[in-house]
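Structure assessment
Okay, here's what each chain looks like letter by letter:
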Amino acid sequence: MTVRTRFAPSPTGSLHVGGARTALYCLLMARNAQGQFLLRIEDTDRKRSTEEAAEGIIRDMKWLGLHWDEGPGTENSDVGPFFQSQRLELYHKYMNQLIESGHAYEAWETTEELGAMRDAAMADKRNFRYRQVHYTPEQISRFKAEGRTPILRFKAPNHDIVIADEVLGNVRVAAEDLEDIVIRKADGFPTYHFAVVIDDHHMGITHILRGQEHLMNTPKHLGLYEALGWEPPRNAHLPLIFNPNGSKMSKRDKAKAARAAARDAAKDRGTKTYEWLAEAISWDLDELNQFMKKKYDGVKLAEAIGAYLGVDLPMIEVMDFRKGGYLPEALNNYLALLGWSPGNDLEFMDLQTMSEKFSTDRVNKTAAKFDTVKLTSMNGEYIRQATPERLMEAFQDWLQITGESHFKDVAPERLALFLELYRPRMSTLADLDKQAAFFFEAPTGYDPKAAKKFILKGGGLERLPELAEAVGAVSDWTVEGIESSLKAWAEARELGMGKIAQPLRIALTGTSVSPGIFETLALMDKDEVVRRIEACHAALA
Ligand code: GLU
């Protein structure tokens, strides 16, 4: 049997790290067995699905290097199309089959009637499970006359369902907990539960890997497989991903953080309303008010608020990490370990190694905690290990999607020198931009402690003008040339290099931190160095 796995995102937002981990495990499992990995876009929720989100997911999967064997854009497959909205005929065929076999029926209740049924169950302290309501032909004619459109429901099996889960073991769901699920909505589209079953079967999927949040959906799907007379794929439910504080990691976290920031900002302004914010970010005030009342968690709105108020929102989506300067290989490696381990303390692995080692036996049952600190340190390690070409490529990619950077117009040859100089010091690509900012902007002040220790004490201040002269006199402005001139100058004055390097750092950066002083100097313009030394002397004298 050829192993076939699939990642089946709903395009209702961009790819978040939980989805990326699912996609990664599906890919690893398929590669491990020389099978195929498929991508299918589940866009049957017409209200929430967007083309933009589908494109974003595809873009992020490509960036991560999670290449699908069959899916959007591949031509070698006879099981497509891979957008569910293009497969409606197939779904209708099986809806009709289920109606004919007596497994599906039309249901007529309005949302209000269903609500009342749910309330009645609650009042009786029962769990509400929808079961078929039989209406007379007269009632049905009346419903039609009222303009109601029926939905289609699937009759739940009247026996318990056992999920033989590859991670969790057997999970039993009692017959009385199964309800007659909706398989066709009023708009004629199938529900997720229905389309997923039809497609997994028709696409020859052998293993379904998905998050544990779907565990209680699986019995519904197994009921459908039974009624259709199909062998179900194997299931593996992956552990949830939590924030370090133990809450479930979710896109809502961004809304939460933005809301808190907006509330604080309103307080500072002494107001409880948000017209000022709506105006500043050009957003509809009603929608913003809904957002503030937690009725709506839009990520774009959260990001607009975050950007305007200058607060960093939690990183949740793959794009957040890309913008943050993480390497896809580091993110994949970290995500692989978030719920799985290959054993033997093996940590650093490329996709090839991961896929050789992967099996669902070593996937954890319990939730994993997302640890940004660990990811960041892993990213730093990947940066240090990258070939110069890879580091350059990754940085150029980051430059392209980041808003502002000092390096936007720096020529590749020069950028390569920066990358090599900062490689040991960077944990993210964005770090280079921050740490090397002083190359582009002269300091506006000097760290008083450092200035006191290295300049104001021990004759450093008096030496600055001479040092400026010495620097100006260096004829060979290369790392070696600068080093030999300045060393000779220091020796002639019986000064240790520390007496020169630290004052220089302060003059150049405003702090006592920089990479090797000769490398740093060589990357700057000589006249600019002289100017900064003179400015430092003037400021501290
Ligand atoms: N479209 C579903 C989702 O994005 C897929 C779940 C599944 O893998 O079946 O949550």
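Preceding block: the structure.
If you're wondering where the values come from, they're calculated on a predicted model, not measured in any experiment. (Residues numbered from 1 in each chain as written. Predicted model: local features only at pLDDT ≥ 70, side-chain atom pairs only at ≥ 80, totals over all residues. Heavy atoms only, no water.)

**Topic: the overall build of the protein**
Put simply, the test is: Secondary structure is summarised from DSSP: a helix means a run of H or I of at least four residues, a strand means a run of E of at least two, and numbering begins at the N terminus for each. Atoms counted for the radius of gyration: C-alpha only. Globule rule: 2.2 Å times the number of residues to the power 0.38. To sort residues, take the accessible area from a 1.4 Å probe on protein chains only and compare it with the maximum for the residue type: under 20% means buried, over 50% means exposed, and anything in between is partly exposed. A contact between two residues is defined here by any heavy atoms of the two lying within 4.5 Å. Residue burial considers only the protein chains on display, and all accessible areas are found by Shrake-Rupley using a 1.4 Å probe. Charged-residue counts in this description rest on Lys and Arg as positive and Asp and Glu as negative, His and the chain ends being excluded. Charge coordinates come from a single atom per side chain, which is NZ of Lys, CZ of Arg, CG of Asp or CD of Glu.
A tally of helices and strands in the protein yields 24 helices and eleven strands. Expected size for 541 residues packed as a compact globule is a radius of gyration near 24 Å; at 31 Å, the protein overshoots this value by more than 25%. Overall size of the protein, expressed as C-alpha extent along the three principal axes, is 105 × 60 × 40 Å. By residue count, 49% of the 541 residues in the protein fall in the buried class. Contacts in the protein between residues far apart in sequence, at least 24 positions, make up 74% of those at least 6 positions apart. For the protein, the exposed surface amounts to about 26,400 Å²; the carbon and sulfur share of it is 50%. Distance from the positive charge centre (68 side chains) to the negative charge centre (79 side chains) of the protein: 5 Å.

**Side note on the site of the ligand**
The condition is simple: We call a residue near a molecule or strand when any one of its heavy atoms sits within 4 Å of it. Pairing of N or O atoms within 3.5 Å defines a polar contact, subject to two protein rules: one partner must be a possible hydrogen donor and the other a possible acceptor, and residues neighboring in sequence count only if both atoms are side-chain atoms.
Around the ligand lies a shell formed by Arg6, Ala8, Pro9, Ser10, Glu42, Tyr192, Val196, Arg210 and His214. In the environment of the ligand, an oxygen atom lies 2.7 Å from a nitrogen or oxygen atom belonging to the side chain of Arg6. Within the complex, the protein chains bury 82% of what would otherwise be the 300 Å² of accessible surface of the ligand.

**Digging into helix α1 (residues 17-32)**
Because each turn of an α-helix spans 3.6 residues, side chains separated by three or four positions in sequence point in the same direction. Selection rule: The span expected for a helix works out to 1.5 Å for each residue beyond the first.
Between its first and last C-alpha atoms α1 spans 22 Å; for 16 residues at 1.5 Å apiece the expected length is 22 Å, and the two agree. Counting buried positions along α1 yields 14 of 16 residues, so the element is predominantly enclosed. In the stretch just after α1, Gln34 is the one whose phi turns positive, near 50°.

**Observations regarding the pattern of salt bridges**
How we decide: We define a salt bridge as a side-chain nitrogen of Lys or Arg found within 4 Å of a carboxyl oxygen belonging to Asp or Glu.
Applying the stated criterion across every chain, the model contains 33 salt bridges. The salt bridge partner of Asp199 is Arg40, with a shortest N-O separation of 3.9 Å. Linking Asp199 in helix α6 (residues 192-202) with Arg40 in the loop between β2 (36-39) and α2 (51-64), this pair joins segments that are 159 residues apart in sequence. Judged by relative accessible area, Asp199 falls into the buried class, the value being 0%.

**Remarks on the layout of surface pockets**
The cut-off we apply is this: Only protein atoms enter the 1 Å grid used here, on which a cavity is any set of points holding a 1.4 Å probe that cannot leave and a pocket is any open set flanked by protein within 12 Å on both sides along at least five of seven lines; residues with an atom within 4 Å of a point are listed as lining. Grid points are joined across faces, edges and corners, and a volume is the space filled by probe spheres set on the points. Side-chain classes are defined by residue name, with Ala, Val, Leu, Ile, Met, Phe, Trp, Tyr, Cys and Pro counting as nonpolar, Asp, Glu, Lys and Arg as charged, and the others, Gly among them, as polar.
Of the pockets and cavities examined, the second largest pocket occupies roughly 540 Å³. Contributing elements (two or more residues each) for the lining of the second largest pocket: α11 (299-309), α12 (318-323) and α18 (429-435). Broken down by element, the lining of the second largest pocket gets its largest block of residues, three residues, from α11. Here the residues of the lining of the second largest pocket sort into seven nonpolar, five polar and seven charged.

**A look at the pairing of strand β4 (residues 151-154)**
Test applied: DSSP calls a pair of strands paired once it identifies at least 2 bridges connecting them.
On β4, burial covers both faces: Ile151 and Arg153 on one face and Leu152 and Phe154 on the other are all buried. Where strand β3 (residues 104-107) and β4 come together, four bridges link them in antiparallel fashion. What sits directly across from Ala107, in β4, is Ile151. Pairing analysis gives two bridges linking β4 to strand β7 (residues 182-184), with the strands arranged antiparallel. By the bridge assignment for β7, Leu152 is matched with Arg184.

**Digging into the nonpolar core**
Using the following cut-off: In plain words, nonpolar cores are sets of buried Ala, Val, Leu, Ile, Met, Phe, Trp, Tyr and Cys residues tied together by side-chain atoms within 4.5 Å.
Among the nonpolar cores identified, the biggest contains 104 residues, and Met61, Phe370 and Leu432 are the most heavily contacted of them. Leaving out residues up to four positions away in the same chain, Phe370 has contacts with Val17, Ile241, Phe242, Pro244, Met249, Phe321, Tyr334, Leu335, Leu338 and Leu375. Leu98, Val196, Leu224 and Trp230 belong to the second largest nonpolar core, which has 19 residues in total.

**Quick word on unusual backbone geometry**
Between Gly80 and the following residue, Pro81, the backbone shows a cis peptide bond with an omega angle of -5°. With respect to the helices and strands, the residue Pro81 is situated in the loop between α2 and α3 (88-100). The phi dihedral of Gln34 falls on the positive side, at around 50°, and the residue is not glycine. Following the sequence through the fold, Gln34 ends up in the loop between α1 and β2. With a phi angle near 50°, Ser282 is a residue other than glycine that sits in the positive phi range.

**Some points on the environment of Leu508**
Within the element layout of this structure, Leu508 appears in helix α22 (residues 498-509). Through-space distance from the C-alpha of Leu508 to that of Val410 is 20 Å; in sequence the pair is 98 residues apart. Once residues within four sequence positions are removed from consideration, Leu508 is found in contact with Phe438, Pro443, Ile517, Leu521, Met524, Val529 and Arg532.

**Comments concerning the pairing of strand β1 (residues 4-7)**
Going by this rule: Here the term right-handed applies to a crossover when the path leading from its first strand over the helix to its second strand runs clockwise, the strands being oriented away from the viewer.
Burial along β1 is two-sided: Arg4 and Arg6 and Thr5 and Phe7, pointing in opposite directions, are all buried. Here β1 pairs with β2 via four bridges, running parallel. Considered in β2, the bridge of Arg4 is made with Gln36. Read from β1 through α1 to β2, the crossover connection turns out right-handed.

**So, the sheet that holds β3**
Basically, it comes down to this: Axis definition: a line fitted to C-alpha atoms, limited for helices to the stretch in contact. Angles are taken between N-to-C directions and run from 0 to 180 degrees.
Taken in spatial order, the three strands line up as β3-β4-β7 in an open sheet, and their pairing is antiparallel. Pairing within the sheet leaves two strands with one partner each, and these edge strands are β3 and β7. Averaged over all neighbouring strand pairs, the angle between strand axes comes to 45°, with direction disregarded.

**Observations concerning α11**
Looking only at α11, the buried set comprises Val299, Leu301, Ala302, Ala304, Ile305 and Gly306. Considering only its buried residues, α11 is in contact with α8 (252-268), α9 (275-280) and α10 (285-292).

**Topic: the side chain of Thr206**
Mapping Thr206 onto the fold places it in the loop between α6 and β8 (207-211). Using a relative accessible area of 10% as the deciding quantity, one classes Thr206 as buried. In contact with Thr206, other than residues within four places in its own chain, are Met1, Thr2, Val3, Arg4, Pro233 and Arg234.

**Some thoughts on the packing of helix α16 (residues 388-401) against helix α17 (residues 412-422)**
So the rule is basically this: With respect to orientation, any angle under 35 degrees is reported as roughly parallel, any angle over 145 as roughly antiparallel, any angle of 65 to 115 as roughly perpendicular, and every other angle as oblique.
The geometry of α16 relative to α17 is characterised by a closest axis approach of 10 Å and an angle of 110° between their N-to-C directions. Viewed along their axes, α16 and α17 adopt a mutual orientation that is roughly perpendicular. Contact with α16, carried on its side by Pro388, Leu391, Met392, Phe395 and Gln396, involves Pro412, Leu415, Ala416, Leu419 and Glu420 of α17 and no other residues of that element. In terms of residue class, the contact of α16 with α17 is made up of eight nonpolar, one polar and one charged.

**A word on the packing of aromatic side chains**
The cut-off we apply is this: We call Phe, Tyr and Trp rings a pair once their centres come within 6.5 Å, taking the six-membered ring for Trp, and we label the pair stacked below 30 degrees between planes, edge-to-face above 60, and tilted otherwise.
Taken as a whole, this structure holds 19 aromatic pairs when the rule is applied. Ring geometry for Phe407 against Phe440: centres 5.0 Å apart, planes inclined by 80°, an arrangement best described as edge-to-face. Remark: Phe440 occurs in the loop between α18 and α19 (448-456) and Phe407 occurs in the loop between α16 and α17; sequence separation between them is 33 residues. Since its relative accessible area comes to 31%, Phe440 is described here as partly exposed.

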